[in-house]
Amino acid sequence: MAAGYLDILRTRHAARLLTGTLVGRLPNGTASIAIVLFVRAEGGSYSIAGVLAAVYGLATAVGQPLLGRAVDLYGQPRVQLPAAVVSALGMAVLALAGTGSLPLAYAAVAVAGLFTPPLEGGLRALWPNVLGGEERVHRAYAMDAVAQEVMFTAGPLLVTLLVALWSPATALLVINAIGVLGALSVVLSEPSRAWRSAPREAHWLGALRSPGLLALLGSFFFVGLALGSITVAAMAYADDQGRESVYGWLMAALGLGALLGGVVYGARQWAGAPERRLRVIVALLAVGYLPLALTPGPVAMTVLAVLSGVFLAPAVACSFIVVDRHAPRGTVTEAFSWLVTTFGVGAAVGTAVAGPAVELGGTAWSFAVAGAGGVAALLVLLATGSVLAAPARTAVTVRGSENDRNGAVEPGFSSGHQA
């Protein structure tokens, strides 16, 4: 596996595109933590922090498919960089104006979320042109997933470090400035500047006419809710312990667990129907979230956070296969966009619910929201088992990637995984 990753990174442009995309996504990957820390430093309540984070998440969920469509129409440089700058300016307004005017704070985070550049989808559109060949592209997807977990592990630590050295406001400004530089690195690269999307035909319902896909989206709304609630719950736990750094450690531990789980899951071939496997993984994910409500001491809580994250990356990876099997023919990219959006909406709702849960019942109640979300995700999969057992189609195999006008992809390449 390591040798395969090195082969990808040695390919011209690959390391720059991967690094630039990860750096460019840093503001989005750390937004919830940065917003919560900033609001608490301003004297705001958990409810306000949760709602602001929720507004950001909802705006991001709305903006991603819209900006993705704009990228298809106008190319990456014309959309990605301006969007990154506007998003950073929105966060700068929040950092400089504070929470004294809540309408302004809500508007600032809404702008920041709405204009979050779709760098992740853009990278996956570039891989076929840069790498060529089904095996190398699939390996790049796996490497991308592992690298994202590294970002989600290191990002919270970077935010808490900036807060400790300066302030939450400075952390917001620095993280978003770094994000603009990452987007700039991507859009100035030759593959990004040369990339053009082929025209596509759309249906008024598109991917949403698949009952199996709707069942999956319903489940992953609750997976997102569970993950979003942990953002606020971990901050409340850190306050209970009287140590702000505990928050960063818990979130990093969650990311570390997902990293470990993703590496192990991706290292082997899995037999059997992915829908059945997904039910097992989501069940284990729910089991991992439930003990967090016990809120033991920091060391034990960090261990529980690692264990709770182990099955997150495998659940997401398995969901990609299920999306590919159930998306109506010709709508796979749209189907992945809906998965990302639904997950984001769920996370935003989770952050909004966890805030009042802290104030009504304490930290344990906010972690109980995560456990309830995991159980609800499993129940949706169990209730829709008959629908998921009959995929509308198998993965679409095309003669070349729709984004590959130069024919770099070998015949038979499956363009399904473009989330």
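Residues numbered from 1 in each chain as written. Predicted model: local features only at pLDDT ≥ 70, side-chain atom pairs only at ≥ 80, totals over all residues. Heavy atoms only, no water.

## Some points on the packing of helix 13 (residues 274-289) against helix 15 (residues 312-326)
Right, on to step 1. Packing of helix 13 against helix 15 brings their axes to within 9 Å, and their N-to-C directions diverge by 150°. The angle between helix 13 and helix 15 falls in the class roughly antiparallel. Helix 15 is crossed by helix 13, and the crossing has left-handed handedness. Together, P274, E275, R277, L278, I281, L285 and Y289 of helix 13 and L312, P314, A315, C318, S319, I321, V322, R325 and H326 of helix 15 make up the contact between the two elements. (Axes fitted to C-alpha atoms, helices over the stretch in contact; angles between N-to-C directions. Helix = DSSP H or I, 4+ residues; strand = E, 2+ residues; numbered from the N terminus. Parallel < 35°, antiparallel > 145°, perpendicular 65-115°, else oblique. Left-handed = near helix turned anticlockwise from the far one by under 90°. Contact = heavy atoms within 4.5 Å.)

## Observations regarding the confidence of the model for the chain
Right, on to step 1. Of all residues in the chain, 85% have pLDDT values of 70 or greater, and the mean over the chain is 82.
Right, on to step 2. Per-residue pLDDT stays below 50 along residues 393-419; that stretch engages in 75 contacts with residues further than four places along the chain or on separate chains. (pLDDT = per-residue confidence, 0-100.)

## So, the pattern of salt bridges
Right, on to step 1. One pass over the structure, following the stated rule, counts two salt bridges.
Right, on to step 2. The salt bridge involving R12 is made with E190; its shortest N-O contact spans 3.5 Å. With R12 in the loop between helix 1 (2-10) and helix 2 (14-24) and E190 in helix 10 (residues 190-194), this residue pair connects regions lying 178 residues apart in the sequence.
Right, on to step 3. The partly exposed category is assigned to E190, whose relative accessible area is 41%.
Right, on to step 4. A salt bridge links R40 to D239; the shortest N-O distance between them is 3.0 Å. One end of the pair, R40, is in helix 3 (residues 26-41); the other, D239, is in helix 11 (residues 211-241), with 199 residues separating them in the sequence. (Salt bridge = Lys/Arg side-chain N within 4 Å of Asp/Glu carboxyl O. Buried < 20%, exposed > 50% of the residue type's maximum accessible area, 1.4 Å probe, protein only.)

## Description of the packing of helix 11 against helix 13
Right, on to step 1. The contact between helix 11 and helix 13 brings their axes to 12 Å, and the two run at 20°. Of the possible angle classes, the one that applies to helix 11 and helix 13 is roughly parallel. Classified by chirality, the crossing of helix 13 by helix 11 is left-handed. In contact with L216, F220, V223, A226, L227 and I230 of helix 11, helix 13 contributes L278, L285 and Y289.
Right, on to step 2. Partitioned by chemical class, the residues of the contact of helix 11 with helix 13 number nine nonpolar, no polar and no charged. (Nonpolar A, V, L, I, M, F, W, Y, C, P; charged D, E, K, R; others polar.)

## Description of the nonpolar core
Right, on to step 1. Counting residues in each nonpolar core, the largest one holds 105 residues, and the members touching the most others are I35, M91, L94, I230, Y247, L278 and Y289.
Right, on to step 2. For this core, the leading source of residues is helix 11, giving 16 residues.
Right, on to step 3. With residues near it in sequence (within four places) discarded, M91 still touches A31, I35, Y56, A108, A112, L172 and N176.
Right, on to step 4. In this structure, A84, A88, V180 and A183 belong to the second largest nonpolar core, which totals five residues. (Core = buried A, V, L, I, M, F, W, Y, C linked by side-chain atoms within 4.5 Å.)

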